[in-house]
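Residues per chain, in single letters:
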Amino acid sequence: MKSNTDFQQIERFKEDLDRCTKCGFCMASCPVYREERTEGSVARGKIMLVRALLDGEITADEMAEQLDRCTLCLACTENCPAGTRVPSVVAAARADKVRLKGLSFPYRLVYRWLLPRRRMFGYTLRLASWFQGIFLPRTEGTIRHLSFFLSALGKGRHIPQIAPRFLRQTVPEVNKPPAGVAVKYTVGYFTGCMTDFVFPELGEKIVSFLNRNGVAVVVPRGQGCCGAPVFLGAGDFATGRRMADANVKAFKELDYIITDCATCASAMKDYVRFLADTDERKRDYAAYAGRIKDITEFLVDVLKLPPSAYRVAPEYRGKTVTWHEPCHLGRYLGVREQPRQILKSIPDIKYVEMPDAARCCGMAGTFSINFYELSKKIADKKVASIAATGAGIVVTGCPGCELQLIDGTRRHNMPQKVMHIMELFE
Amino acid sequence: MIDSNIIDRLRRIAGNENVLAAREDLLAYSYDATNTWKHAPDVVVLPVNVAQVSEILRLASENRVPVTPRGGGTNVSGGSVPIKGGIVLCTTRLDRIIEINRANLHAVVEPGVVLQDFNTALARQGLFFPPDPQSFAGCTMGGVVAENSGGPSCLKYGVTRQYVLGLEVVLADGTVVKLGGLTPKNRTGYELAMLFTGSEGTLGVISRIILRLLPAPKASRTIVAAFDDVATAGETVSSIIAGSVLPSKVEFVDNWTFEKFRGLLPDETLDSSQVILLIQVDGLPETVEAETQLVEATCQQNTPWIKVAVDSTEAERYWQARRAHFSDISSRAHTIVNEDVSVPRDKIAEFIRLSQESARRHDVPISFAGHVGDGNFHPVVLTDNRDREHYQRALMCVDEIIETALSLGGVLSGEHGIGLEKQRFLKKALDPAAINIMKKIKDVLDPLHILNPGKIWEEDSKIPLNPFRVNPSG
């Protein structure tokens, strides 16, 4: 048995590790196992590998790839009679591996993938230099991994362009409702990297939608990346902690933190689970988590908007719409009914539920970079579900899923428009 | 360790992507759903067609390499653990549903189809395959047949062998044999397909399965009843059946796992009762309503606490709580010894009473859950294999429980199979002449004994008795 200090993070989730009885209930729902059909790829197998790691039967290096081969979708936990939270064990094991062996991401990408592609590399550097040099001065200590991430995604993938003007350039820090509309709430808007750099028009829509409905929106300039690719994807808890602290500080004075990205929201709620190493952080992260609301959750549960408030943009009226439920929204945040309630209540569109709406799309950030072929196979099942609905528009609640669904539908030459649920509205 | 040359040849047969030989991959094939047995193979091969299965077995025969066939590996007998190393032949990539024939009520599947996926596909056409081992979310059809799986629904619908019409099997020397056929009636020669049904991978590798199907029942209801003592619960079940109602499931849980029912049943009921029965009736809506009333009336004679689930959502909550029994009981002790005896229904109360006496005598905790409708019980003894003395007492208690079941006219294993787990009891449970016949059959079909060696009747002094763990060879 290795000394426990080698596996500090795994030890924190020992209860989950011990809980698994290897019954195999995770097999039918694990998206990775459904494609690969190997024992090492399923949740139960990962638990057994981590146990073998603690028993010294296997090294962290030997199990690294199988650890990375997990979308953290939480479907295993949902189906586990023992309630084993396998993704926590996987994330913790990734973190311990990074602590023991150093960080491999994003450097591995740079060396193996980016460097041999000069044009892409130059483009990435330009982008990276923009972020760090101009908009995010180093002195602020804000960290962005998006540039690497998006470039890596470009591997033959259909991805939207980096926006010419980022959201933080087009939207002021404080956005008040128009004259004559009373202010009911003042909220902070956590824009997330994707909305900020790739889909700024979504952010603009959300701000004006909220303003119109009596919500003042603050877009704090000190906010950064949520940290999901860093601490959950790559297991770099130390950097993750710095990112978490920056976000907690940026939103200190605000009652609600609204997100349009389910991954950002759940990653930030998970600060306390993974990154809280002191009592102070535990307290701050827990308080921060309590104020985070997905946009649909805020509109339905807090603002309680009537159906008439959702005015569908003219080009989408009369269309058939289906909903892809992001893992981070449904299983992680428990936001399942709110977006459906909105979609069902709008008279201007026809809503159709897709088969297996909550099944993982296979994006999972870093996962889709490391295993693009596998990620595509998982997406193909989702694409088939979309096709089965006959809908012309697929809406979702996570820009990460959006990227994956855009890629999946384009690869199959399908006509569906993929967008965030809030883009439906005027 | 096997020759690396064998691994190279396997790669040529099945393709690189279907052969696993890295340490971490081998470790992932070293276990099943028991916590007693562990041994890594030397190589794992996942064939994608029957020709590959045949070539793999021919190669193994020529080189006398052990082959352990497996699917999902969710069995609880040690049966899919490659105790002698060698090759694990995993059928999970042979996962096509080839045909679902609604008119003839049959289906043709490959062995790697997951049972739950199969039933989802059948449900779309209003059909079902009744055997429902509680590993349905991970177990594969090859394993369902090779283990002759049961489950709660077997009270009314019978076990897997009642649904096997035909098989394609690859023998140890690579010969591909077709057995049985498409029709429910078939009296052509010996029932060889039955020989492989329940053979636990020791006689051949099942590569294709023809199954009989049933039209799915149009309706079902779940009735929950709590009882003060085991005997009354047992009598109630007998009365229900005597009243001409054959429920599709009658499941029993004792108060060890009542926690899973908190929030579903009133606290005072859970605090005062000893046993919960979960009863499901199914069929046409009219039948279901009538049967529900009869079951309710029968239960009312013996217990004040009965509840009929209002809808399938509520019913599913109770069944989830039942399914959580194994994980719940597992969390209560470091080691559990889970048995699988089956006794005639009228002996259930006596069996439980005698087993509880054994547990008291050996001073070990015991819990019962099971398919009480058909007498198939899973007594679980809670122990800790790190505490040698306690573990020995637990094993002695288990020995007595099995003796008790056999003396009441029961059998050693109702549905889990023998594998490694129950090997040591086999001589007590089987006529010596029957074991002899099994050995002769094995010699005919697998003369070199390469298929799933060390399992069922095969005794081997190299396999330690009651091991907790055998180190992986890798």
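Residues numbered from 1 in each chain as written. Chains lettered and ligands numbered in written order. Predicted model: local features only at pLDDT ≥ 70, side-chain atom pairs only at ≥ 80, totals over all residues. Heavy atoms only, no water.

### A look at the overall build of chain B
When helices and strands are tallied, chain B shows 16 helices and 18 strands. Radius of gyration (C-alpha) of chain B: 23 Å, near the 23 Å computed for a compact globule of 474 residues. Expressed along its principal axes, the backbone C-alpha trace of chain B runs to roughly 70 × 60 × 40 Å. Buried positions account for 61% of the 474 residues belonging to chain B. (Helix = DSSP H or I, 4+ residues; strand = E, 2+ residues; numbered from the N terminus. Rg over C-alpha atoms; globule rule 2.2 N^0.38 Å. Buried < 20%, exposed > 50% of the residue type's maximum accessible area, 1.4 Å probe, protein only.)

### What to know about helix H4 (residues 43-54) of chain A
Residues and elements named next belong to chain A. Compared with an ideal rise of 1.5 Å per residue, which puts twelve residues at 16 Å, H4 spans 17 Å between its outermost C-alpha atoms and is within 8% of the ideal. Across the twelve residues that make up H4, a large majority, eleven, are buried. Among the residues trailing H4, Gly 56 stands out with phi positive, at a value near 75 degrees. (Expected span 1.5 Å × (residues − 1).)

### Topic: unusual backbone geometry
Even without glycine at this site, A:Leu74 takes up a positive phi of about 75 degrees. Among the secondary structure elements, A:Leu74 is positioned in the loop between helix H5 (60-68) and helix H6 (75-79). One non-glycine residue, B:Leu105, lies in positive phi territory at about 55 degrees. With respect to the helices, strands and loops of the structure, B:Leu105 is situated in the loop between strand S5 (97-101) and strand S6 (106-109). Residue B:Leu105 is classed as partly exposed on the basis of its relative accessible area of 27%.

### Examining the environment of A:Thr84
Residue and element names in this part refer to chain A. Residue position: Thr 84 is located in the loop between H6 and helix H7 (86-101). Residue Thr 84 is classed as buried on the basis of its relative accessible area, which comes to 2%. For the pair Thr 84 and Thr 21, spaced 63 residues apart in sequence, the C-alpha to C-alpha distance is 9.2 Å. In contact with Thr 84, not counting residues within four places along its chain, are Asp 16, Arg 19, Cys 20, Ile 47 and Thr 77. (Contact = heavy atoms within 4.5 Å.)

### Examining the sheet that holds strand S3 (residues 215-218) of chain A
Residue and element names in this part refer to chain A. The strand order across the open sheet built from five strands is S1-S3-S2-S4-S5, with neighbouring strands paired in mixed fashion. At either end of the open sheet lies a strand with only one pairing partner, and these are strand S1 (174-175) and strand S5 (292-294). Pairing of strand S4 (residues 256-259) with S5, which is carried by three bridges, proceeds in the parallel orientation. Paired with Ile 258 across the two strands is Lys 293, which belongs to S5. The strands that helix H18 (residues 279-291) touches are strand S2 (185-190), S4 and S5; relative to S5, the one it contacts most, it runs at about 30 degrees. (Pairing = 2+ DSSP bridges. Axes fitted to C-alpha atoms, helices over the stretch in contact; angles between N-to-C directions.)

### Focus on the sheet that holds strand S9 (residues 176-180) of chain B
All names here are of chain B. Pairing is antiparallel across the open sheet formed by five strands, whose spatial order is S5-S6-S10-S8-S9. Both outer strands of the open sheet, S5 and S9, are each paired with one neighbouring strand and no more. Across the sheet, the mean angle separating the axes of adjacent strands is 10 degrees when strand polarity is ignored. One ladder, built from four bridges, connects S6 with strand S10 (residues 205-212); its direction is antiparallel. If you follow Ala 107 over to S10, its bridge partner there is Leu 211. The strands touched by helix H3 (residues 50-63) within the sheet are strand S8 (164-170), S9 and S10, with S8 carrying the most contacts at an inclination of about 50 degrees. Against the sheet, helix H4 (residues 115-123) touches S5, S6 and S10, its axis set at about 35 degrees to S5.

### Things to note about the interface of chain A and chain B
The interface is formed by 26 residues belonging to chain A together with 38 residues belonging to chain B. Per-residue buried area on chain A facing chain B is highest for A:Phe25, A:Arg37 and A:Glu57; these three make up 26% of the total on that side. The interface formed by chain A and chain B includes five salt bridges. The partner of B:Lys38 in a salt bridge is A:Glu57, with the nearest N and O atoms 3.0 Å apart. Linking chain A with chain B are 17 residue pairs in polar contact (both at pLDDT 80 or more), by the criterion used here. Residue assignment for the side of chain A that touches chain B shows that the elements contributing at least two residues are helix H3 (31-36), H4 and H5 of chain A. Sort the elements by how many residues they give to the side of chain A that touches chain B and H4(A) lands first, with five residues. Across the side of chain A that touches chain B, the residue classes break down as eleven nonpolar, six polar and nine charged. (Buried area = accessible area lost by both parts, 1.4 Å probe. Salt bridge = Lys/Arg side-chain N within 4 Å of Asp/Glu carboxyl O. Polar contact = N/O pair within 3.5 Å; in protein donor to acceptor, adjacent residues only side chain to side chain. Nonpolar A, V, L, I, M, F, W, Y, C, P; charged D, E, K, R; others polar.)

### Some thoughts on the packing of H4(A) against H7(A)
Residue and element names in this part refer to chain A. One way to put it is that H4 packs onto H7 with a least axis distance of 10 Å and a crossing angle of 45 degrees. Classified by the angle their axes make, H4 and H7 are oblique. The two elements H4 and H7 cross, and the hand of that crossing is left-handed. Taken together, the residues of H7 that come into contact with H4 (itself represented by Ala 43, Lys 46, Ile 47 and Val 50) are Val 86, Val 89, Val 90 and Ala 93. Here the residues of the contact of H4 with H7 sort into seven nonpolar, no polar and one charged. (Parallel < 35°, antiparallel > 145°, perpendicular 65-115°, else oblique. Left-handed = near helix turned anticlockwise from the far one by under 90°.)

### Quick look at helix H24 (residues 399-411) of chain A
All names here are of chain A. The end-to-end C-alpha distance of H24, which contains 13 residues, comes to 18 Å, matching closely the 18 Å that a straight helix rising 1.5 Å per residue would cover. Along H24, the residues classified as buried are Pro 399, Gly 400, Cys 401, Glu 402, Leu 403, Gln 404, Leu 405, Ile 406, Asp 407, Gly 408 and Thr 409. Directly beyond the C-terminal end of H24, a positive phi value near 50 degrees is found at Asn 413.

### Observations regarding the packing of aromatic side chains
On inspection of all chains with the given rule, the structure shows 24 aromatic pairs over all chains. Judged by centre distance (5.4 Å) and plane angle (45 degrees), the rings of A:Phe13 and A:Phe274 are tilted. Of this pair, A:Phe13 sits in the loop between helix H1 (8-12) and helix H2 (14-19) while A:Phe274 sits in helix H17 (residues 271-274), and the two are 261 residues apart along the sequence. Comparing A:Phe13 with A:Phe274, the two get one shared label, buried. Clustering of aromatic rings is evident, with ring pairs tying together A:Phe13, A:Phe190, A:Phe231, A:Phe237, A:Phe251, A:Tyr271, A:Phe274, A:Tyr285 and A:Tyr288. Here the basic side chain of B:Lys249 rests over the ring of B:Trp319, its NZ or CZ set 4.5 Å away from the ring centre. (Phe/Tyr/Trp six-rings, centres within 6.5 Å; stacked < 30°, edge-to-face > 60°. Lys NZ or Arg CZ within 6 Å of the ring centre and 35° of its normal.)

### Things to note about the state of the cysteines
Residue and element names in this part refer to chain A. Applying the stated criterion across every chain yields a total of zero disulfides over all chains. Free cysteine: Cys 225, not disulfide-bonded; nearest cysteine sulfur from Cys 193 at 4.0 Å. The buried category is assigned to Cys 225, whose relative accessible area is 4%. Note on Cys 360: no disulfide assigned, nearest cysteine sulfur contributed by Cys 327 at a separation of 3.9 Å. (Disulfide = S-S within 2.5 Å.)

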